[in-house]
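One-letter residues, chain by chain:
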Amino acid sequence: YVHAQSAEELSKQLQDKQAEIAKVEAELADTRKKEKTLKSQLELIDGQTKVTELKIEETNIKIAKLKREIVDLSTRINRISTTVDSLTEVLLLRIIQTYKFSSISTFDLLFSSNSFGELVERLKYIQVTQANDKKVLYQLQATKTTYNDQRQDKKDRQTEAEVLTQELEEYKGQLTKQRKEKQE
């Protein structure tokens, strides 16, 4: 049924299927209004069967679309996890370096510098390093937030896919029942 790869293609298929369902349901409503002849009863059952078949196809497309989105989210989550790991490693190294050199006082810095220009350069370096550390920390926090959001989104979509799978089974049961009714 479903041959599309991208979520956009699946969305288009889903819209088409929903339009087809609306059309068949409208035809079914017209059939219900007709007088109760055997032919109209058969048309009614055929219409109900067609709607159920279309809903099965629609649900299959929805499930395929969700699975595609879950795969995409998994890929993003893995990339984010790698980013979090590398940012954490960078931050840890910086913390260690900062700790090692934190024992140097401004007084020591003043006397260890050969010139005033070198002192200013060292102070600027310290400021730039501290600003960079702060930036890495903010990046890490933002990345962790994104990671958690993506994980929750994936979990929500998996739950939605499970619900749709249950719906699909219900539609299949309805279809079997409708086909039996028609044969009677």
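Residues numbered from 1 in each chain as written. Predicted model: local features only at pLDDT ≥ 70, side-chain atom pairs only at ≥ 80, totals over all residues. Heavy atoms only, no water.

Can you lay out the overall build of the chain for me, pointing to particular residues and giving the numbers?
Each helix and strand counted, the chain has four helices and zero strands in total. What you see in the chain, going N to C, is helices and strands ordered as α-α-α-α. Relative to a compact globule of 184 residues, whose C-alpha radius of gyration would be 16 Å, the chain shows 32 Å and is clearly more extended. Based on the C-alpha atoms only, the size of the chain along its principal axes is roughly 105 × 25 × 25 Å. Buried positions account for 27% of the 184 residues belonging to the chain. (Helix = DSSP H or I, 4+ residues; strand = E, 2+ residues; numbered from the N terminus. Rg over C-alpha atoms; globule rule 2.2 N^0.38 Å. Buried < 20%, exposed > 50% of the residue type's maximum accessible area, 1.4 Å probe, protein only.)

Summarise the nonpolar core; cite the residues concerned and give the values.
The biggest cluster of nonpolar side chains holds eight residues, and these are Ile56, Ile63, Leu66, Ala161, Leu164, Leu168, Tyr171 and Leu175. Looking at this core, the elements that each hand over two or more residues are helix H2 (38-101) and helix H4 (116-183). Broken down by element, the residue count for this core peaks at five residues, all from H4. In this view, leucine 168 contacts Ile56, Thr59, Asn60 and Ile63; residues no more than four positions away in its chain are not counted. (Core = buried A, V, L, I, M, F, W, Y, C linked by side-chain atoms within 4.5 Å. Contact = heavy atoms within 4.5 Å.)

With reference to specific residues and values, describe the environment of glutamine 152.
As for its placement among the helices and strands, glutamine 152 is situated in helix H4. What makes glutamine 152 partly exposed here is its relative accessible area of 39%. Residues glutamine 152 and leucine 164, spaced 12 residues apart in sequence, show a C-alpha to C-alpha distance of 18 Å. Reaching out from glutamine 152, the side chain makes a polar contact with the side chain of aspartate 156 at a distance of 2.8 Å. (Polar contact = N/O pair within 3.5 Å; in protein donor to acceptor, adjacent residues only side chain to side chain.)

Lay out a nonpolar patch on the surface in plain terms, naming residues and giving numbers.
Taken together, the side chains of Leu123, Tyr125 and Ile126 make up a nonpolar region of the molecular surface, amounting to roughly 290 Å² of accessible area. Of note, tyrosine 125 is situated in helix H4. (Patch = residues over 30% accessible without salt bridge, like charges linked within 9 Å, V, L, I, M, F, W, Y side chains within 5 Å. Areas by Shrake-Rupley, 256 points an atom, 1.4 Å probe, with all protein chains shown as cover. Salt bridge = Lys/Arg side-chain N within 4 Å of Asp/Glu carboxyl O.)

Tell me about the confidence of the model for the chain, and name the residues and values.
With 91% of its residues at a pLDDT of 70 or more, the chain shows a mean pLDDT of 84. Within the chain, helix H3 (residues 106-112) has the poorest average pLDDT of any element, 71, and H4 the best, 88. (pLDDT = per-residue confidence, 0-100.)

If you had to explain the pattern of salt bridges to someone new, which residues and values would you point to?
Note on pairing: side chains with opposite charge can pair once their charged atoms come close. Considering all chains together, one arrives at 11 salt bridges under this definition. Put simply, glutamate 58 and lysine 62 hold a salt bridge, and the shortest N to O gap is 3.9 Å. Taken together, the residues span about one helical turn, with glutamate 58 and lysine 62 both in helix H2 at a distance of four residues. Assessed through its relative accessible area of 9%, glutamate 58 is described here as buried.

Describe the environment of serine 115, naming the residues involved and giving the relevant values.
Relative to the assigned elements, serine 115 resides in the loop between H3 and H4. Separated by 3.2 Å, the side chain of serine 115 and the backbone nitrogen of glutamate 118 make a polar contact.

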